[in-house]
Amino acid sequence: MGAAIGTGDKKSVNVELNIVPFIDLMSCLTAFLLVTAVWVNIAQIDIHPKGKSRDQTLKTEDLDKVVLSVLIQSDRIWLGLSRVNEFQSIDKTADGQQNWDEFEAKLREQKSSAYFADRTDIEIAGESTDTNKVSYQEVITAMDRAIKAGFVDVGLSDPAGLAARPQL
Amino acid sequence: MPVRSPGPRLYRSVKFEYLVHSQAGGHGVKASNIALNLTPFVDMMTILVTFLLMVFSSSGEILQAQKGLALPTADAKDVLQTAPVIIVTKSEITYQGQLIATTESVMRDESPTFKIDALFERLDAAAKKIKEDVALGKLSPAVKKACDDMRNGLRPSAGRYCPEGLAILQADESTDVRLVNKVVNTSKAAGFDNLLFAVKNK
């Protein structure tokens, strides 16, 4: 970038910077960045389809430990502990939405319990029917809340394959 | 008739006389140079470039925009990495951009295997190829390390997973969870044990 000092008048102290190359560079950079810009921030939730699909059997070691199972239904969320057969139900809020805050609070409670203090695994399933649908967004929100509560090893399961399934 | 320089003009018949007058040095000679004030332009460009640099993603776009697909939202911030992409829109299921089946036909299918056969075939072939590549060591050192860590039972950091058994599921937020279960079961049966669910940041 050039600079002309003292143009014309001997007493002049004005400095004229040649900003043409600068504008050229900025224009090219702007064009490049506009073309390559990614406007939507996409992230990921890592899940492991735990081996509990219909055609698989449980391993012996899986049966020995208590598993935290989450079943999402269209009107409520069930939290269950296998082996001890403890179940908690979280009903929808008054405005008809799933009560995700209470769900997260209950997960945090479980995380601080002796069963899961040193564990991070959880299994989640959504039970959908033609009349009572459960959407993918609800499952994702449940996974997101579980990760926030410290259960980072999220497993997706069929409702029938949950280790702890409420008897309805 | 003498040939004259046309001089600065705004349009064919509108001269920049008023500008030229204002630039006159007072020596009785009309200056023909016009000084444009470039400061606001440079300011705007600087702000625009700064903003664009902030939103710039060096990893590029891993996922492609699809018609009829709105990703679910989540607070998760883990970055996505390149892997085979299974897309489930409101109307169809595609794998790597190729149509596999319509969602309606998959939902109607009550087969006892509980998987999507056409998708299984594609995924099975892809899983075998990836496994072969990993076995032959056709990987960068970082990916190789991620694969070694996975075999040793170590949890890899986000965006640095071993490509073996790794796939991305890009599904519409309103997709019935039964359909998601079918896709996940099919992926697992084909050897994709680690699925990355693509989500939009809140």
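Bear in mind the structure is a predicted one, so any value in this text is a computation, not a measurement.

J.: Hey, could you run me through the overall build of chain A in this one?
T.: On a plain count of helices and strands, chain A comes out with four helices and eight strands. When its helices and strands are written in sequence order, chain A yields β-β-α-β-α-β-β-β-α-β-α-β. Within chain A, the fraction of its 168 residues that count as buried is 34%. Sequence-distant contacts, at least 24 apart, represent 63% of the contacts inside chain A between residues at least 6 apart.

J.: How do you make sense of the packing of helix 1 (residues 20-36) of chain A against helix 2 (residues 39-55) of chain B when you look at a structure like this?
T.: Each pair of packed helices gets described by two things: the angle between the helix axes and the distance between those axes. Look at helix 1 of chain A against helix 2 of chain B: their axes get within 9 Å of each other, and the N-to-C directions meet at 35°. Helix 2 of chain B is crossed by helix 1 of chain A, and the crossing has left-handed handedness. Contact residues: helix 1 of chain A offers Ile23(A), Met26(A), Leu29(A), Thr30(A), Leu33(A) and Leu34(A), while helix 2 of chain B offers Val42(B), Met45(B), Leu48(B), Val49(B), Leu52(B) and Leu53(B). Classifying every residue of the contact of helix 1 of chain A with helix 2 of chain B by side-chain character gives eleven nonpolar, one polar and no charged.

J.: Please explain the pairing of strand 3 (residues 92-95) of chain B as it appears in this structure.
T.: Two faces, one strand: in a regular strand the side chains alternate between the faces of the sheet. Residues and elements named next belong to chain B. Here strand 3 shows one buried face, formed by Ile93 and Tyr95, and one open face, formed by Glu92 and Thr94. Here strand 2 (residues 85-88) pairs with strand 3 via three bridges, running antiparallel. By the bridge assignment, Ile87 is partnered in strand 3 with Thr94. Linking strand 2 to strand 3, which pair antiparallel, is a turn of three residues. Looking at chain direction, strand 3 and strand 4 (residues 98-102) are connected through four bridges and run antiparallel. Each residue of the ladder has a partner; that of Glu92, found in strand 4, is Thr102.

J.: Please clarify how the packing of helix 4 (residues 117-135) of chain B against helix 6 (residues 177-190) of chain B should be interpreted in this entry.
T.: Residues and elements named next belong to chain B. Relative orientation of the contacting elements helix 4 and helix 6 amounts to 40°, with a least axis distance of 8 Å. The chirality of how helix 4 crosses helix 6 is right-handed. Packed against helix 4, whose contacting residues are Leu119, Phe120, Leu123, Asp124 and Ala127, the element helix 6 presents Val183, Thr186, Ser187, Ala189 and Ala190 at the interface. Residue composition of the contact of helix 4 with helix 6, grouped by class: seven nonpolar, two polar and one charged.

J.: So what exactly am I meant to see when it comes to the interface of chain A and chain B here?
T.: Across the contact, 37 residues belong to chain A and 45 residues belong to chain B. Of all the secondary-structure elements, those providing two or more residues to the side of chain A that touches chain B are helix 1, strand 3 (42-48) and helix 4 (136-148) of chain A. A class-by-class count of the residues in the side of chain A that touches chain B yields 20 nonpolar, eleven polar and six charged.

J.: Before we go on, may I ask you to explain the pairing of strand 6 (residues 194-201) of chain B in this structure?
T.: The buried fraction of strand 6 of chain B amounts to six of the eight residues, a majority that puts the element mostly inside the structure. The pairing of strand 3 of chain A with strand 6 of chain B spans six bridges and is classified as antiparallel. Looking at strand 6 of chain B, one finds that Gln44(A) is bridged to Ala198(B). As defined by bridge partners, strand 1 (residues 73-74) of chain B adjoins strand 6 of chain B across two bridges and the pair is classed as parallel. When the sheet's bridge partners are listed, Thr73(B) is paired in strand 6 of chain B with Lys200(B). Where strand 5 (residues 166-171) of chain B meets strand 6 of chain B, four bridges bridge the pair, whose relative direction is parallel. Opposite Leu166(B), over in strand 6 of chain B, you have Asn194(B) as the bridge partner. Handedness of the crossover joining strand 5 of chain B and strand 6 of chain B through helix 6 of chain B: right-handed.

Definitions and cut-offs
Residues numbered from 1 in each chain as written. Chains lettered and ligands numbered in written order. Predicted model: local features only at pLDDT ≥ 70, side-chain atom pairs only at ≥ 80, totals over all residues. Helix = DSSP H or I, 4+ residues; strand = E, 2+ residues; numbered from the N terminus. Buried ≥ 20, exposed ≤ 12 C-beta atoms within 10 Å, placed from the backbone. Contact = placed C-beta atoms within 7 Å. Axes fitted to C-alpha atoms, helices over the stretch in contact; angles between N-to-C directions. Left-handed = near helix turned anticlockwise from the far one by under 90°. Nonpolar A, V, L, I, M, F, W, Y, C, P; charged D, E, K, R; others polar. Pairing = 2+ DSSP bridges. Right-handed = clockwise from strand over helix to strand, strands pointing away.

Structural measurements only, silent on function.
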